[in-house]
Amino acid sequence: MSAETEALSEQIKQSVALLRRHLDWDVAKTRLAELNHLSEDPDLWNNPDAAQKLMRERTMLANQIEGVEALEADVQDTLDLVELAEMENDDTVVQEGLATLRSLAAQAQQRETESLLSGEADSNDCYLEVNAGAGGTEAQDWAEMLLRMYTRWSEKHGYKVSLMESSEGEQAGLKSATILVSGPNAYGWLKTEAGVHRLVRISPFDSAARRQTSFASIYISPVVDDSIEIEIIDSDLRVDTFRASGAGGQHVNKTDSAIRITHIPTGIVVACQTDRSQHRNRATAMEMLKARLYEAELQKREAEASAAEAAKTDIGWGHQIRSYVLAPYQLVKDLRTNIEKGNPDAVLDGDLDEFMAASLAQRVSATRSEASATAQ
């Protein structure tokens, strides 16, 4: 067997071992058998909410287990084919087998990354909030560019995007905005983007065409479903009404239908202006507040507060997670993973997968190192 074949085989075996360990293989198989048995209960759908939750868990677990088993079978079949071809000196089949192993290695690595999306709320929809830093129009224009970037990324992945609230800048851009991103694992992927983002460019608002540095922050919080209870005391809330900004018809612009809720103990502020009904805007704002409070609780449980905590700090130097340099050269660099891309236009058009995967993959490497140390 060639050196490349052995290397690819070993790489895939490590990935599969990590996937099995992450799933707690024997426990996962037993749980799937239990779920299959429960799904056959004729009374299951008497409680639709419980039934849907059970079926979601069953589908997710079955896909994970079947995916690992299929990967193992494909690898073994390919190795057998390559070994036979090498014995018969059939280089064409050997090269085809190597190509298949490379593809399987990439699939295994992707499954490693996806296996990290198993946190308490990773599968949930999420709210993405962007806030302009200090710097007036420059920072507000940058905030609008970031909002477009995440909207484009979401649409490319088949996620639905709904604008919940926006506050326009005085001359251009946005002071702040919040969108709802709906789709499988939306929170799991986008939570890696929480933090401060730095832009360096020749200012389009400066007649002297000087280079400017701008900052904006991204904050991500998961949508809270009915199975998660968040207690909110009315006396802890301050509710303000205001007129919705922007186009929206006579009723929207002439009545105080928009709602802003401040949670006094934490200082968390949410706002909603999507509906003409003040009552419906209030209900939506309360859901957004629950999401923010739940995210705060998730952060408390984390052993290492990194990117998510950075999102709460000052929007400026020392807290950025990524730099986007448009002048004097073209470069986007993630300061956590050192991933670089020399095409900022593509990144600003939603090409973020490599950054997100690298951020999640850091945890895979840490897990693998820890497992190796334990084995030794």
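For clarity, every value in this text was computed on a predicted model and none was experimentally measured. In every chain, residue numbers begin from 1 and rise along the written sequence. pLDDT decides what is reported in this predicted model: residues at 70 or higher carry local features, side-chain atom pairs at 80 or more are listed and counted, and totals for whole chains, interfaces and linings draw on all residues regardless. Excluding hydrogens and water, the side-chain figures rest on all heavy atoms present in the structure.

Asker: Sorry, what's going on with the packing of helix H2 (residues 25-39) against helix H3 (residues 48-87) here?
Answerer: Helix-helix packing is described using two parameters, namely the angle between the two axes and the distance between the axes. Axis lines are fitted to C-alpha atoms, over the contacting stretch for helices. Their N-to-C directions set the angle, which ranges from 0 to 180 degrees. Where helices and strands are cited, they refer to DSSP runs of H or I of at least four residues and of E of at least two residues respectively, numbered from the N terminus. In the contact formed by H2 and H3, the axes pass within 10 Å of each other and the chain directions differ by 135 degrees. It follows that H2 is oblique to H3 by the angle criterion. When the axes of H2 and H3 are compared, the crossing they make is left-handed. Residues Trp25, Ala28, Lys29, Arg31, Leu32, Leu35, Asn36, Leu38 and Ser39 of H2 form the contact with H3, whose own contacting residues are Leu54, Met55, Glu57, Arg58, Leu61, Ala62, Ile65, Val68 and Glu69. Polarity classes work like this: nonpolar for Ala, Val, Leu, Ile, Met, Phe, Trp, Tyr, Cys and Pro, charged for Asp, Glu, Lys and Arg, and polar for all others, with Gly in that last group. When its residues are assigned to classes, the contact of H2 with H3 shows 11 nonpolar, 2 polar and 5 charged. Oblique is the label for any angle not covered by the other classes, which are roughly parallel (under 35 degrees), roughly antiparallel (over 145) and roughly perpendicular (65 to 115). When the near helix sits turned anticlockwise from the far one by under a right angle, the crossing is termed left-handed; a clockwise turn instead gives a right-handed crossing. Contact criterion: two residues are considered in contact whenever any of their non-hydrogen atoms come within 4.5 Å of each other.

Asker: Looking at this model, I keep getting lost on the sheet that holds strand E5 (residues 211-222). Mind explaining?
Answerer: Hydrogen bonding along the main chain pairs the strands of a sheet, whether they run parallel or antiparallel. Strand order in the open sheet formed by 8 strands is E2-E3-E1-E5-E4-E9-E10-E11, and the pairing between neighbours is mixed. Strand pairing shows two members of the sheet lacking a second neighbour, strand E2 (160-168) and strand E11 (340-341), which therefore form its edges. Pairing geometry for strand E9 (residues 320-325) and strand E10 (residues 331-334), over 4 bridges, is antiparallel. Bridge pairing in E10 places arginine 322 opposite aspartate 334. Being paired, for any two strands, means DSSP has found at least two bridges between them.

Asker: For this particular structure, what's the right way to read the nonpolar core?
Answerer: The nonpolar side chains of a soluble globular protein tend to be buried, and buried together. In terms of nonpolar packing, the biggest core is built from 57 residues, with Leu146, Leu190, Leu289 and Tyr324 touching the most fellow members. Among the elements that line this core, the one with the most residues is helix H5 (residues 137-156), at 9 residues. Aside from chain neighbours lying at most four places away, what touches leucine 289 is Ile232, Leu237, Ile261, His263, Ile268 and Val270. Val16, Leu61, Ala62 and Ala108 belong to the second-largest nonpolar core, a separate cluster that totals 26 residues. Note on terminology: a nonpolar core comprises buried Ala, Val, Leu, Ile, Met, Phe, Trp, Tyr and Cys residues joined through side-chain atoms within 4.5 Å. Remark: exposure states derive from per-residue accessible area (1.4 Å probe, protein chains only) relative to the maximum for the residue type, with buried under 20%, exposed over 50%, and partly exposed in between.

Asker: So what exactly am I meant to see when it comes to the pairing of strand E7 (residues 258-263) here?
Answerer: Residues in a regular strand project their side chains so that they alternate between the two faces of the sheet. Burial runs high along E7: 5 of the 6 residues are buried. Where strand E6 (residues 237-242) and E7 come together, 6 bridges link them in antiparallel fashion. Residue pairing for E7: threonine 241 is matched across the bridge by isoleucine 259. In this structure, E7 lies alongside strand E8 (residues 268-272), joined through 5 bridges in antiparallel fashion. By the bridge assignment, arginine 260 is partnered in E8 with alanine 271.

Asker: What is the right way to look at a negative patch on the surface in this model?
Answerer: Taken together, the side chains of Asp74, Asp77, Asp80 and Glu83 define an acidic patch exposed on the protein surface. Turning to its location among the elements, glutamate 83 is positioned in helix H3. Residues with no salt bridge and a relative accessible area higher than 30% make up the patches, which join like charges within 9 Å and nonpolar side chains (Val, Leu, Ile, Met, Phe, Trp, Tyr) within 5 Å. Note on areas: Shrake-Rupley, 1.4 Å probe, and residue coverage restricted to the protein chains presented here. The term salt bridge refers to a side-chain nitrogen of Lys or Arg lying within 4 Å of a carboxyl oxygen of Asp or Glu. As used throughout, the charge tally considers Lys and Arg to be positive and Asp and Glu to be negative, leaving His and the chain termini uncounted. Charge positions are represented by NZ for Lys, CZ for Arg, CG for Asp and CD for Glu.

Asker: How should unusual backbone geometry be read in this particular structure?
Answerer: Leaving glycine aside, a negative phi is the common case for residues, and trans is the common case for peptide bonds. The omega angle of the peptide bond from alanine 327 to proline 328 is 10 degrees, so this bond is cis rather than trans. Its place among the elements puts proline 328 in the loop between E9 and E10. Notably, asparagine 89 is not glycine yet its phi reads approximately 55 degrees, a positive angle. Topologically, asparagine 89 is positioned in the loop between H3 and helix H4 (91-115). Classification of asparagine 89 as exposed rests on a relative accessible area of 70%.

Asker: Can you help me understand the pairing of strand E4 (residues 195-202) in this one?
Answerer: Buried residues dominate E4, accounting for 7 of its 8 residues. The pairing of E4 with E5 spans 8 bridges and is classified as antiparallel. Along E5, the bridge assignment pairs arginine 201 with glutamine 212.

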